[in-house]
Amino acid sequence: QVQVVESGGGLVQLGGSLRLSCAASGVIFRNFVIQWDRQAPGKQREFVGRIFVDSGTTYADSVKGRFTISRDNTKNTVYLEMNSLRPDDTAVYYCRLGDSMWGQGIQVTVSS
């Protein structure tokens, strides 16, 4: 059974930092591209960033320079480090392994 489990969400103040984790089981983790998306209420899910199998990354313009994605293949875990958080970063954050293996989503709320 493939499982993708996110953790680390919660409330943070404007300008603060938070680290999300996405842990996977039941897969050869190092073989997968992993993507972070987010969805705010009333809005479409949007791309946040992606980490490739060689650990290269790409980011949406809205988070570039503030968010960093990394992976630890020995722990089957991907991290989303979020810095300089703003209220418009408030959303449910999702991670995806490959094309269709989604985590459950985790809430991030940034207060002003």
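Use the structure listed above.
Residues numbered from 1 in each chain as written. Predicted model: local features only at pLDDT ≥ 70, side-chain atom pairs only at ≥ 80, totals over all residues. Heavy atoms only, no water.

Asks: I'd like a rundown of the nonpolar core, residues and numbers included.
Replies: Residues Leu20, Trp36, Phe67, Leu80, Met82, Tyr93 and Leu97 are the most contacted members of the largest nonpolar core, which totals 30 residues. Elements that contribute at least two residues to this core include exactly β3 (18–25), β4 (34–39), β5 (46–51), β7 (67–72), β8 (77–82), β9 (91–97) and β11 (106–111). (Core = buried A, V, L, I, M, F, W, Y, C linked by side-chain atoms within 4.5 Å. Buried < 20%, exposed > 50% of the residue type's maximum accessible area, 1.4 Å probe, protein only. Helix = DSSP H or I, 4+ residues; strand = E, 2+ residues; numbered from the N terminus.)

Asks: Any chance you could break down the side chain of Glu6 for me, citing the residues and the numbers?
Replies: Within the secondary structure layout, Glu6 lies in strand β1 (residues 3–7). Among buried Asp, Glu, Lys and Arg side chains, Glu6 stands out as unpaired, with Arg45 the closest opposite charge at 7.9 Å. Of note is the side chain of Glu6, whose polar atom sits 2.3 Å from the backbone nitrogen of Cys95. Among the polar contacts made by the side chain of Glu6, one reaches the main-chain amide nitrogen of Gly105 at a distance of 2.4 Å. (Lys, Arg positive; Asp, Glu negative; His and termini not counted. Salt bridge = Lys/Arg side-chain N within 4 Å of Asp/Glu carboxyl O. Polar contact = N/O pair within 3.5 Å; in protein donor to acceptor, adjacent residues only side chain to side chain.)

Asks: Quick one: what's the story with unusual backbone geometry, residue by residue and with numbers?
Replies: Located in the positive-phi region is Asn76, a residue other than glycine, with phi close to 50°. With a phi close to 50°, Ser84 is a non-glycine residue in the positive phi region. In this fold, Ser84 is placed in the loop between β8 and β9.

Asks: With reference to specific residues and values, describe the sheet that holds β7.
Replies: With antiparallel pairing, 4 strands are arranged side by side in an open sheet as β1-β3-β8-β7. Looking at strand neighbours, the two that pair on one side only are β1 and β7, the edges of this open sheet. Taking each pair of neighbouring strands and ignoring which way they run, the sheet shows an average axis angle of 15°. Pairing geometry for β7 and β8, over 6 bridges, is antiparallel. Along β8, the bridge assignment pairs Ile69 with Leu80. (Pairing = 2+ DSSP bridges. Axes fitted to C-alpha atoms, helices over the stretch in contact; angles between N-to-C directions.)

Asks: Tell me about the side chain of Asp89, and name the residues and values.
Replies: With respect to the helices and strands, Asp89 occurs in the loop between β8 and β9. Reaching out from Asp89, the side chain makes a polar contact with the side chain of Arg38 at a distance of 2.9 Å. Side-chain polar atoms of Asp89 contact the backbone nitrogen of Arg86, separated by 2.8 Å. Not counting residues within four places of it along the chain, the set of residues in contact with Asp89 comprises Arg38, Arg66, Phe67, Ser84, Val108 and Val110. (Contact = heavy atoms within 4.5 Å.)

Asks: Describe a nonpolar patch on the surface, listing the residues and the values that go with them.
Replies: Together, Val33, Phe52 and Val53 make up an exposed nonpolar region whose accessible area comes to about 210 Å². As for its placement among the helices and strands, Phe52 is situated in the loop between β5 and β6 (57–59). (Patch = residues over 30% accessible without salt bridge, like charges linked within 9 Å, V, L, I, M, F, W, Y side chains within 5 Å. Areas by Shrake-Rupley, 256 points an atom, 1.4 Å probe, with all protein chains shown as cover.)

Asks: Talk me through the state of the cysteines; I want residue IDs and the actual numbers.
Replies: Covalent bonding between the sulfur atoms of two cysteines defines a disulfide. Under the counting rule described, the total for this entry stands at 1 disulfide. One disulfide bridge connects Cys22 with Cys95, the sulfur atoms lying 1.8 Å from each other. Taking the sign of the S-S torsion, 60° for the link of Cys22 and Cys95, the bridge is right-handed. Separated by 73 residues along the polypeptide, Cys22 in strand β3 and Cys95 in strand β9 bring together distant segments of the chain. Exposure remark for Cys22: the relative accessible area of 1% places this residue in the buried category. (Disulfide = S-S within 2.5 Å.)

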